[in-house]
Protein chains: 2
Amino acid sequence: MGPGVSQLVECVPNFSEGRRREVINAIADAIGREGARVVDVQADAAHNRMVVTFVAEPELAIASAFAGASVAVERIDLNQHRGEHPRMGAVDVVPFVPFADLPMTVCIELAHRFGARLWKELRVPVYYYGEAARNAERRELERVRRGGFEELRDHGSEPDREPDEGAGLHPTAGATAVGARIPLIAYNVNLKTEDVQVAKDIARTIRASSGGMPNVKALGFALADRGLVQVSMNLTDYRVSNIWKVFTAIKAEAERRGIDVQESEIVGTIPLDAAVRTIKDAVMEPAFKMDQILEKRVWASE
Amino acid sequence: MGPGVSQLVECVPNFSEGRRREVINAIADAIGREGARVVDVQADAAHNRMVVTFVAEPELAIASAFAGASVAVERIDLNQHRGEHPRMGAVDVVPFVPFADLPMTVCIELAHRFGARLWKELRVPVYYYGEAARNAERRELERVRRGGFEELRDHGSEPDREPDEGAGLHPTAGATAVGARIPLIAYNVNLKTEDVQVAKDIARTIRASSGGMPNVKALGFALADRGLVQVSMNLTDYRVSNIWKVFTAIKAEAERRGIDVQESEIVGTIPLDAAVRTIKDAVMEPAFKMDQILEKRVWASE
C-alpha cells in the first residue's frame, strides 16, 4: 500500500441467529453504523446462524465487532437457540484476518484486545484460537468449541476448558471464540456421477486429516437434484494448498475412476493473493506477482 | 465502482526516445505533474523508445497525455532518431484503454478529443486506430504505421494515407497514431529445447494471422543464454483468447513434439478481469466473478 494509506483488517464474526430478520438486521446495522465497510451478510435458517464479513481500519474493526456483539448478547438466548451448526456463543466466533499486506501480528493483537473488552464490558468469557491461541491445544476452532454451549452449561468448566478471558459462562450468551487467521477459501468440485461414494472416497483421499493434502478439509455429498456429487472443501491455508492444486488432484482422482469433472465452485470471496497463486501454478508462471494486476497498483495506492 | 467514485482510464503513450535520460524523465515528469498516476515507465535503448503507463480520470488523461506529448514534440527530432522499433512520430502511439468498468465509448471519445488537440495546438497530424479508427483499414496499428516516419517524409502522403486530423507531416515530430483499445497482454511460453524451429512452428500454428487462435500474435525466438526457446505473444483480446487457453494450446503442441514447457511469463500488468477469466477456464469455474476478489470489493468502492 502506498504512503498515507491506512492498513485494513477483515473481520468475519459469526452470530447464532439466522432466522429472526429484525435481529439479523440489528446486528449488521450496528457493525455498519460504526463505520466499517460491511462486505457481506449471510444468514442461514437451517444453521440458525449469520456470518458478517466486514473490512475496517484496525481500531475501527474492534469497535465495529464490539457493536455487533453488544446487540447479539442482548438479543440472543442460547438456551432457546436451535440449529444444525455447532456453536457455543451468541457471538460464536470472531476471527480477525489480514487484508492485503497487513501483518498477522496486528490481527493477533486485535483479537486479544477485542477478547479482553468482550469479557470486561459484556461479561462474555473468551477462548482464543487460531494464530491468537494461547497454547497449541486451542489453535483448532473445532476443539475449542467441542460440545458447544450445552456442554459448557451442563457440565461446568473442567480445568482444561477454562476460558482465556474471564471465567465460567455467560448465562444467555455463552462464550466466544476470538481468533486470528488467514482467509479461508470455501471450494467445491462437482463430479459427473450419481454415486456419492465416489465423492466421499475422493474427499477422504484429499483431506489433511486422513493424510491427504495439507490444510484441506473435505467432505463428499450428493447433489441429488442435479444428478451430480460434490467434493466440498475448506482450504485453510491457500498458500500451501491452493485452488489449482486441489482442483487438479481431485480431477486426477476422478479420472482414475473414469469420471469427469462437471465444474468447480469458488464460494464467496477469495483474496487476490489466492487468485495469483492459482494462476502461477496453472500456467507455470512462478514469477507472477500481485503487483502485476493493474487494479492492485491503482487501487492499493489510493 | 461505488457511488461517488469517478471512473478511470488507462493511457499507454509510446514516445520515440529510449536513450537520453533527461528527455525520458522530462516526458514522464510532465505526465505526472498534471496529476495522473504514473504506474510504469519503460525505456528501451535498442528500440530507442519509451512506454509510459498511467491512470487518470478521463479529463485529466487528456491533459496528462498532452503534457507528455508537448515535451516530446519539443525535444525529439525523428530525422535524427534511430532505433529498431517501427515508429512514425515523436509521440508515436497514444492508446486510451478502459480501466475496470469504464465503457469503450468513453475511450473512443477521449482519443478523438486528444487527437484534435494534438493537431490544433502542436500541429502534429493524427491517425486514429483501433476502436477509434474512422474506417476499417485503420483499425490495425501496423497498417497505419507501415513505412514509418521516413516513408511519410520522403514519399509524401498518398491519398489513402491522409491523416484523420490535420494534413501532411510535422517536420520533426512526424505523425501520431491515437487509438482506443482493450488492454493488451504480453505473454511468453518458454520450452525446454534449443531448437528454435520448434518455437517458430508453434508460433505459426498458434497465431491468428495463419489461422490459429483469434486475437493472438506470436513469434518464435531462441533464448540462447538459457538453452531454451520462446513463443512470444501479444494477446490482443484476452476475452477471446486468454492466458489459460493459449498456455494449454502451446503445451499440447509442445508435448506432441515430445517437448516440455519450462515456464510461462506474464509481462507487465494484466487487468483483474484477465486473471479471473484465466482462473475460470483453468479450474472449470464458469460462475467465478471479479466481485469475488475481496480486494476488488473493498478498493473499487473507495
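Calculation rules
Residues numbered from 1 in each chain as written. Chains lettered and ligands numbered in written order. Predicted model: local features only at pLDDT ≥ 70, side-chain atom pairs only at ≥ 80, totals over all residues. Helix = DSSP H or I, 4+ residues; strand = E, 2+ residues; numbered from the N terminus. Rg over C-alpha atoms; globule rule 2.2 N^0.38 Å. Contact = placed C-beta atoms within 7 Å. Least-squares fit on C-alpha atoms with pLDDT ≥ 70 in both. Buried ≥ 20, exposed ≤ 12 C-beta atoms within 10 Å, placed from the backbone. Nonpolar A, V, L, I, M, F, W, Y, C, P; charged D, E, K, R; others polar. Pairing = 2+ DSSP bridges. Axes fitted to C-alpha atoms, helices over the stretch in contact; angles between N-to-C directions. Left-handed = near helix turned anticlockwise from the far one by under 90°. pLDDT = per-residue confidence, 0-100. Core = buried A, V, L, I, M, F, W, Y, C linked by C-beta atoms within 7 Å.

1. Section: the overall build of chain A
Within chain A one finds nine helices and eleven strands. For chain A, the C-alpha radius of gyration of 20 Å lies close to 19 Å, the compact-globule estimate for 302 residues. Each principal axis of the C-alpha atoms in chain A carries an extent, and together these give about 55 × 50 × 40 Å. Long-range pairs, those at least 24 residues apart, make up 71% of the contacts in chain A between residues at least 6 apart in sequence.

2. Examining the relation of the copies chain A and chain B
Between chain A and chain B, the superposition needs a rotation of 180° and an axial shift of 0.0 Å, giving an RMSD of 0.1 Å. Taken together, the turn and the small shift mark the pair as related by a two-fold rotation axis. For chain A, the residue whose C-alpha comes nearest the rotation axis is tryptophan 299 of chain A, separated from it by 2.8 Å. Residue by residue, 100% of the interface of chain A is reproduced at the interface of chain B, so both copies engage with the same surface.

3. Some remarks on the environment of leucine 152 of chain B
Relative to the elements of secondary structure, leucine 152 of chain B occurs in helix α5 (residues 148-155). Its 24 C-beta neighbours within 10 Å are what place leucine 152 of chain B among the buried residues.

4. Quick word on the interface of chain A and chain B
Across the boundary between the two partners, chain A contributes 39 residues, which contact 39 residues of chain B. Those elements giving two or more residues to the side of chain A that touches chain B turn out to be β3 (37-44), α7 (243-256), β11 (261-267), α8 (272-282) and α9 (294-299) of chain A. Ranked by residues supplied to the side of chain A that touches chain B, first place goes to α9 of chain A with six residues. Of the residues belonging to the side of chain A that touches chain B, the class tally is 25 nonpolar, five polar and nine charged.

5. Regarding the sheet that holds β11 of chain A
Residues and elements named next belong to chain A. The strand order β9-β10-β8-β11 describes an open sheet built from four strands, whose pairing is antiparallel. In the strand order of this sheet, the two ends are held by β9 (216-223) and β11, each with one partner. Each adjacent strand pair in this sheet contributes to an overall mean axis angle of 20°, direction not counted. Pairing between strand β8 (residues 185-191) and strand β10 (residues 228-235): seven bridges, direction antiparallel. Across the sheet, the residue bridging to asparagine 190 is glutamine 230, located in β10. On top of the sheet, helix α6 (residues 196-206) reaches β8, β9 and β10; it is set at about 180° to β9, its chief contact.

6. A closer look at the packing of helix α2 (residues 58-75) of chain A against helix α3 (residues 104-122) of chain A
Between two packed helices, what matters for the description is the angle formed by their axes and the separation of those axes. Residue and element names in this part refer to chain A. The contact between α2 and α3 brings their axes to 10 Å, and the two run at 35°. The two elements α2 and α3 meet at a crossing, and its hand is right-handed. Residues Pro58, Ala61, Ile62, Ala65, Phe66, Ala69, Ser70 and Val73 of α2 form the contact with α3, whose own contacting residues are Val106, Leu110, Arg113, Phe114, Arg117, Leu118 and Leu122. For the contact of α2 with α3, the per-class residue count stands at twelve nonpolar, one polar and two charged.

7. Digging into the sheet that holds strand β9 (residues 216-223) of chain B
All names here are of chain B. Reading across the sheet, the four strands line up as β9-β10-β8-β11 and stay open at both edges, with antiparallel pairing between neighbours. Of all the strands in the sheet, the pair left with one neighbour each is β9 and β11 (261-267). Going across the sheet, the axis of each strand differs from the next one's by a mean of 20°, ignoring polarity. Pairing analysis gives six bridges linking strand β8 (residues 185-191) to β11, with the strands arranged antiparallel.

8. With respect to the environment of valine 39 of chain A
Turning to its location among the elements, valine 39 of chain A is positioned in strand β3. For valine 39 of chain A, a count of 17 C-beta atoms within 10 Å gives the class partly exposed. When the C-alpha atoms of valine 39 of chain A and glutamate 158 of chain A are compared, they prove to be 39 Å apart, with 119 residues separating the residues in sequence. When near neighbours in sequence (up to four residues on either side) are disregarded, valine 39 of chain A contacts Thr53, Phe54 and Val55 of chain A together with Arg297 and Val298 of chain B.

9. Here we look at unusual backbone geometry
All names here are of chain B. At asparagine 215, a position not held by glycine, the phi torsion is positive, near 65°. For asparagine 215, the location among the structural elements is in the loop between α6 (196-206) and β9. Although it is not a glycine, methionine 284 adopts a positive phi angle of roughly 50°. As for its position among the elements, methionine 284 is in the loop between α8 (272-282) and α9 (294-299).

10. Observations concerning the confidence of the model for chain A
Residues and elements named next belong to chain A. Per-residue confidence for chain A averages 93 on the pLDDT scale, and 97% of its residues sit at or above 70. Low pLDDT (under 50) marks residues 1-5, which in the prediction has seven contacts with non-local residues, meaning those over four places away or in another chain. Complex prediction metrics read pTM 0.86 and ipTM 0.86.

11. Some details on the nonpolar core
One recurring pattern in soluble globular proteins: nonpolar side chains tend to sit buried together. Counting residues in hydrophobic clusters, the biggest one holds 192 residues, and the most contacted among them are Val9 of chain A together with Val9 of chain B. If we ignore the near neighbours within four places in the chain, the residues touching valine 9 of chain A are Ala56, Pro58, Ala61, Phe96, Val97, Pro98, Phe99, Leu102, Val106, Cys107 and Leu110 of chain A.

12. Quick notes on the environment of arginine 33 of chain B
Assignment of secondary structure puts arginine 33 of chain B in helix α1 (residues 21-33). Residues arginine 33 of chain B and glutamine 230 of chain B, 197 residues apart in the sequence, show an inter-C-alpha distance of 39 Å.

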